[in-house]
Amino acid sequence: MRRATSGLDLRLALPAAAGWVAAIVVVGAPGAAGLVAAAAIVLGALAIAVTVIRVRRRASECASWAVRVLEASILPLVAIGVIALAIALHEPVRHPPALVDALDSGAPIEVVVALDETVSGRGPAASAPGSPSTGATDATIVAISPRGTVPTGDAASTALEARVPVVLLGFEPGERAPLGSRWHGLVRLVPLEPGDDRVALARPLGPLEAAGLPPPLIAGADALRERFLGVASGFPGAGAALLPGLAIGDTSAVDAELDAAMKRSSLSHLTAVSGANCAIVVGLVLGLGSLLRWPRAARIGAALAALGGFVVLVTPQASVVRASVMAAVVLLALASGRAGRGLPVLGAAVLGILVLDPWTARDYGFALSVLATGALLVLSGPIAVRLATVMPRAIALWIAVPLAAQLACQPVLVLLAPELPLVGVVANILAAPAAPVATIVGMAACLAAPVLPWLATALAAIAWVPASWIAGIAQVTSGLPSATAPWPEGAIGALLLAGLTAGALGAAGIPTPWGNQRARARAGLATAAALLAIVGATAGADAIGRLGMPGDWVIAQCDVGQGDAVLVRSAGRVALTDTGADPDALAACLDDLGVARVDLLVLTHFDTDHVGGVEAVVGRVGEVLVGPTDGARDEAVLESLAAGGATIARITAGDAGRHGDYGWRALWPPDHRGVSLGNDASLVLEWRGAAACACPSMLALGDLGRGAQESLRGSVRLAPVDVVKVSHHGSNDQDPEVYADARATLGLIGVGADNTYGHPTAEALAMLADAGGAALRSDRHGLVLVAPAEGGGGWRVWTQRGSVGPSGEGGAPEEVGAPD
């Protein structure tokens, strides 16, 4: 592709895009990677041959369009072939022969895992109410025992080396476990979808034991971060929680409420390491070098070295490495003297990252990094020029940078949340002056903490001020009425917004003016009209849909993201099973349903996705039912509820009680030792109504894994029910016989949109359908209500969006019958 007349060098744009699309498709079917690579190589060779023949024959400029297409396809085909070949080479590493049996059969296997992120321990500092561990940690299996021996110490020589990325479940060490530390033990693997960046979920079958420390450089950086966290914790308010995230990307102190506020105000990119943080570091070094009159090469070298040190300091996780690569792209573009020349470097960086890790192609963080970097290179300059016609140039540039990033990233963001942040750009503009100060001064405090504690405290006090300012902006703007506008969900919504964004930029003559002023004005009016029409239609459809909400609902599933929150209402009393992770999401759901008080709160277990939202109901709960607890962190959650006036009842299998016209009975866990705490100790309740009550029966399975489900089935006779709360958000760690015995007509699945666990899995959905149940998924259906059918004889299902079908993808009627 020739260089465009606008000055933008687009020659690597098409190959990068082709390679990216190929990676997205082929990682979902890695077995076809070799075939795709071979096909791309053959087609590429054909295109090269045709081009060579044309050159030898000195074909004229009027050559056929087919030859021109072949010429233009050479680099994209090469990119596709290289990406497919990379996937084919990665696949044996991700699925080594030693793991095949464990992945297929679920047989236990001894492994050593290296943590890919730092995990807070269960000490007092980590036991704040409402902030228990999620129990899900990114890790990599680095050694496998071939004979069931522990692959460490003297047995290490018999262990097989591996490099298998997994999600480690239920890992809560007694002390802080830094990135890079190694742990060994017996695990059971649950395979994830082929396109997932992680191969499997790894569930420990006992405590994991420490097997190795991180590399010295990583360990030293972790010690620096830990000291800085201690310094920052000495300051009050949300600013203290936000400061480590702004300075070094550590968000462990950010609670769910502040995190939700940052997301709603489009400031969440500041709470973790992003390209902006890297750009601040690079800009500081470049500015210092300029003041000292260093030559350009020296400035660039120093900036790259500082960027490498920053990556080590904030932990070299995949997202951090991506952000640093994108910052290096901008740096090289600036060094060239023309931002447009950064596009080939960006294209090369995209291809390089995909070759090293093709599964990154499906990562939203990767897409946002690429789009934000491209917007900075292509859009920020022209936007600043247009704005400079009506305001000072410095202010225009200040507004242009966040505006360009927001415009480029928003079509992807609507895939995660179908809404438009009306205050996002304003919030970013207000936060822009404070973020660099908090980052630079905070990093200085971090570096000073081990050698000059008094200086570190003084610097942290300075950095706390802008951090508090940013936290205040997030809290205020996220709470404004109409802070967001509804938007169509899914791929259609993303494409509509991308088209309107392109139309708006074109109407403004960005990046290059086209046509005459009248034509651009008409395009702008058409774009604005279409935007208003789509927002109005979406809001209207939502309002009309809510008019049909059944007022006589009995069971409700709230959309709280990746988590559970299920209500049972009877005779004026409300019971809530679990709270999800986000208190704001739960509070919004309870408000929509008109629930002011929760008479009975059931906490199945204490993972964040089940109790993280408890703050939303503290002070308005009558009684709490819980199973076994595991230490101070779990007890702190109960203490916060008791302080709000709730009574706590600890129950086990066999206990029973009443709730309005319902009777509940605890089926699990048994009142004896031998059940591992965590998911497999989930409190399982069976709900059944009185004979004259129009009450759908329900079996709520918590997060029981397959082994615990088999034990449950062996300890109690499971009778058919109308509704089953599917275990563990639809993972494939299930016992099909439990669902076959339950014969539920409806299956509730609390799951977050585009979650990283692959939930719900195709196997779980098929298992539910085989048992005769329709899947009701919070990611696709939003709020779900179950009410008695008009005339009796079944149940009426209302969903906030979508229709109800066996797989949750539509097709079933709204009224469903009760089981025989």
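In this report, the structure presented in the accompanying data block is examined. All figures in this text were calculated on a predicted structure; none of them were measured in a lab. (Residues numbered from 1 in each chain as written. Predicted model: local features only at pLDDT ≥ 70, side-chain atom pairs only at ≥ 80, totals over all residues. Heavy atoms only, no water.)

Cis geometry is adopted by the peptide bond preceding P669, which originates at W668 and carries an omega value of 5°. With respect to the helices, strands and loops of the structure, P669 is situated in the loop between β16 (662-668) and β17 (684-689). Positive phi values are uncommon outside glycine, yet R293 reaches one of about 60°. Here R293 lies in the loop between α8 (275-291) and α9 (296-313). For R293, a relative accessible area of 76% gives the class exposed. We note that D578 has phi near 70°; this positive angle belongs to a residue other than glycine. Residue position: D578 is located in the loop between β11 (573-577) and α20 (583-593). With a relative accessible area of 1%, D578 lands in the buried category. (Helix = DSSP H or I, 4+ residues; strand = E, 2+ residues; numbered from the N terminus. Buried < 20%, exposed > 50% of the residue type's maximum accessible area, 1.4 Å probe, protein only.)

Moving on, we come to the environment of L267. By secondary structure assignment, the location of L267 is in the loop between α7 (256-264) and α8. Residue L267 is classed as buried on the basis of its relative accessible area, which comes to 0%. Remark: the alpha-carbon pair of L267 and G424, spanning 157 residues in sequence, is separated by 7.4 Å. Each residue touching L267, except ones within four places of it in the same chain, is listed here: M262, A427, N428, A431, I470, I473 and A474. (Contact = heavy atoms within 4.5 Å.)

Attention now goes to the nonpolar core. By size, the foremost hydrophobic cluster in this structure holds 47 residues, and its most contacted members are L242, I248, M262, L267, L270 and I470. Ranked by residues supplied to this core, first place goes to helix α17 (residues 453-478) with eight residues. Membership of the second largest hydrophobic core comes to 34 residues, among which are F366, V370, I399 and A400. (Core = buried A, V, L, I, M, F, W, Y, C linked by side-chain atoms within 4.5 Å.)

In strand β20 (residues 746-749), alternate side chains face the same way, and those of L746 and L748 on one face and G747 and I749 on the other are all buried. Looking at chain direction, strand β19 (residues 723-725) and β20 are connected through three bridges and run parallel. Bridged to V723 within β20 is L746. Note on the crossover from β19 through helix α24 (residues 736-742) to β20: the handedness is right-handed. (Pairing = 2+ DSSP bridges. Right-handed = clockwise from strand over helix to strand, strands pointing away.)

This brings us to the packing of helix α5 (residues 216-232) against helix α6 (residues 237-248). Between α5 and α6, whose axes approach to 9 Å, the crossing angle comes to 150°. As summarised for this structure, α5 and α6 are arranged roughly antiparallel, according to the angle between their axes. Relative to α6, the crossing made by α5 is right-handed. Contacts between α5 and α6 involve R225, F228, L229 and A232 on the former and, on the latter, A240, L243, P244, A247 and I248. The residue makeup of the contact of α5 with α6, split by class, is eight nonpolar, no polar and one charged. (Axes fitted to C-alpha atoms, helices over the stretch in contact; angles between N-to-C directions. Parallel < 35°, antiparallel > 145°, perpendicular 65-115°, else oblique. Left-handed = near helix turned anticlockwise from the far one by under 90°. Nonpolar A, V, L, I, M, F, W, Y, C, P; charged D, E, K, R; others polar.)

What follows covers the pattern of salt bridges. Tallied over the full model, the rule gives twelve salt bridges. With a closest N to O distance of 3.3 Å, E710 and R706 form a salt bridge. With E710 and R706 both in helix α23 (residues 706-715), this residue pair falls four residues apart, about one helical turn. Judged by relative accessible area, E710 falls into the partly exposed class, the value being 36%. Connected via shared salt-bridge partners are D116, D138 and R198. (Salt bridge = Lys/Arg side-chain N within 4 Å of Asp/Glu carboxyl O.)

Another point: the pairing of β16. The buried count for β16 comes to six of seven residues, which makes it a mostly enclosed element. Examined bridge by bridge, strand β15 (residues 656-659) and β16 share four bridges and lie antiparallel to one another. Directly across from H659, in β16, lies its bridge partner Y662. In this antiparallel pair of consecutive strands, β15 and β16, the connection spans two residues, and G660 shows a positive phi of 60°. Here β16 runs beside β17; their pairing, made up of six bridges, is antiparallel. Opposite R665, over in β17, you have E686 as the bridge partner.

A cluster of nonpolar residues, L288, L291, L292 and W294, forms a patch on the protein surface that exposes about 420 Å² of accessible area. For L291, the position within the fold is in helix α8. (Patch = residues over 30% accessible without salt bridge, like charges linked within 9 Å, V, L, I, M, F, W, Y side chains within 5 Å. Areas by Shrake-Rupley, 256 points an atom, 1.4 Å probe, with all protein chains shown as cover.)

Our next topic: helix α25 (residues 762-770). Those residues of α25 not exposed but buried are A764, L765, M767 and L768. For α25, the buried positions fall inside an angular range of 160° around the axis, keeping them on one side. Buried residues belonging to α25 abut β19, α24, β20 and β21 (774-777). (Arc of directions from axis to C-beta.)

Bringing the state of the cysteines into the picture now. Here the structure, examined in full by the defined rule, presents one disulfide. The disulfide partner of C558 is C589, and the gap between their sulfur atoms is 2.0 Å. For the disulfide bridge between C558 and C589, the dihedral angle about the S-S bond is near -75°, and by the sign convention the bridge is left-handed. Here C558 is found in the loop between β9 (555-557) and β10 (566-570), whereas its partner C589 is found in helix α20, with 31 residues between them in sequence. For the pair C558 and C589, one class covers both residues: buried. (Disulfide = S-S within 2.5 Å.)

Read from one edge of the open sheet, seven strands run β15-β16-β17-β18-β19-β20-β21, paired in mixed fashion. Pairing within the sheet leaves two strands with one partner each, and these edge strands are β15 and β21. Taking the axes of each pair of neighbouring strands and ignoring which way they run, one obtains an average angle of 20° across the sheet. Note that β20 and β21 share four bridges and pair parallel. Note that in β21 the partner of L748 across the bridge is L776. With respect to the sheet, α23 is in contact with β16 and β17, its orientation differing from that of β16 by roughly 115°. Along the sheet, α25 contacts β19, β20 and β21; its crossing angle with β21, the most-contacted strand, is approximately 135°.

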